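Structure at a glance
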Amino acid sequence: MGWRAGLLALILPLLVVSPAGAEEGQLLPTRFGAGVGYGLTYDPTNDIDFALVSAVALFDYDRVWPHRAPQALRFKVEGSAGLAMAPGTRAMASANMLALYFLEPWATSSCRPYVEAGIGLVYTDFRVEGQGLRINFNPQAGLGLEIEGDDGSTWFAALRGHHVSNAELHRENRGINSVFLQLGRYF
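The following paragraphs examine the structure supplied in this document. (Residues numbered from 1 in each chain as written. Predicted model: local features only at pLDDT ≥ 70, side-chain atom pairs only at ≥ 80, totals over all residues. Heavy atoms only, no water.)

Points about the overall build of the chain
The criterion, for reference: For the purposes of this entry, the term helix denotes a DSSP run of H or I that reaches at least four residues, the term strand denotes a run of E that reaches at least two, and both are numbered from the N terminus. Partly exposed residues are those whose accessible area sits between 20% and 50% of the maximum for their type, while under 20% is buried and over 50% is exposed, using a 1.4 Å probe and protein chains only. By definition, residues are in contact when any of their heavy atoms lie within 4.5 Å. For the accessible areas, the method is Shrake-Rupley and the probe is 1.4 Å, while residue cover comes only from the protein chains on display.
Looking only at helices and strands, one finds 2 helices and 9 strands in the chain. Relative to its 187 residues, the chain shows a buried fraction of 41%. Considering only contacts in the chain between residues 6 or more positions apart, those separated by 24 or more positions represent 60%. By element, 65% of the accessible surface of the chain is carried by carbon and sulfur atoms, the whole surface being about 9,700 Å².

Here it is in structure tokens:
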């Protein structure tokens, strides 16, 4: 992934504008949650697994960015820490921001599907050959589902494409690609 693609991934969520945004005073409350996730690499190798515990904050998009946005758009901030098994157990931590868009036409009274995409920084206490750095960019994109429980609780599940790369800030820039499954709950 080049530095231009990384920059585009940071800026793209800011360019989504629509006159359908919430009016002043109609902002949705911020929600906080926690989740666990499991990832498995497929490039450059398929022998790196990782598990992360995450803290999540989900904001009304208009609350964070000073322009109108579609009512179904949210801004998600996520901090994660965990372990990678790459050979041996190594530390891993990340901080990410994502734009999350609910797919309202497919929502039911108990399930709301969404798409999400964003970028952040990730630290890996390991490097694959040619990776260059331990601190890298972490673009992600995926599909998710919010599920309302009978007791009023809200659960979420997401499946993401997960990338680790230094965006050519170092002469060695071998990226790591994986699939990541996350399960969690909002409080």
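That covers the picture; the talk isn't over yet.
Some points on the packing of aromatic side chains
Note the threshold: Within 6.5 Å between ring centres, the rings of Phe, Tyr and Trp (the latter by its six-membered ring) count as paired, and their orientation is classed by plane angle as stacked under 30 degrees, edge-to-face over 60, tilted in between.
Across all of its chains, the model carries 5 aromatic pairs by this definition. Ring geometry for Phe-50 and Phe-180: centres 5.7 Å apart, planes at 5°, overall stacked. Taken as a pair, Phe-50 in strand E2 (residues 49–60) and Phe-180 in strand E9 (residues 176–186) lie far apart in primary sequence, 130 residues in all. Residue Phe-180 is classed as buried on the basis of its relative accessible area, which comes to 2%.

Some words on unusual backbone geometry
Cis geometry is adopted by the peptide bond preceding Pro-44, which originates at Asp-43 and carries an omega value of 15°. Relative to the helices and strands, Pro-44 resides in the loop between strand E1 (31–43) and E2. Of note, Ala-167 is a non-glycine position whose phi angle comes to about 55°, a positive value. Within the secondary structure, Ala-167 sits in the loop between strand E8 (154–164) and E9. The exposure class of Ala-167 is buried, given its relative accessible area of 3%.

Here's the deal with the environment of Glu-172
As for its position among the elements, Glu-172 is in the loop between E8 and E9. Residue class for Glu-172 comes out partly exposed when judged on its relative accessible area of 36%. For Glu-172 and Leu-133, which are 39 residues apart along the polypeptide, the C-alpha to C-alpha distance reads 8.0 Å. Apart from the residues within four sequence positions on either side, Glu-172 is in contact with Gly-130, Gln-131, Gly-132 and Asn-166.

Structural notes on a nonpolar patch on the surface
Stated precisely, the cut-off is as follows: To count toward a patch, a residue needs a relative accessible area over 30% and no salt bridge; like charges are then connected within 9 Å, while nonpolar side chains (Val, Leu, Ile, Met, Phe, Trp, Tyr) are connected within 5 Å. By definition, a salt bridge exists where a carboxyl oxygen of Asp or Glu is found within 4 Å of a side-chain nitrogen of Lys or Arg.
Together, Val-36, Tyr-42, Val-53, Leu-159, Val-179, Leu-181 and Leu-183 line one region of the surface with nonpolar side chains, adding up to about 650 Å² of accessible area. Contributions of two or more residues to the nonpolar patch are made by E1 and E9. Sorting elements by how many residues they give to the nonpolar patch places E9 first, with 3 residues. Within the secondary structure, Val-53 sits in strand E2. Given the relative accessible area of 53%, Val-53 is considered exposed.

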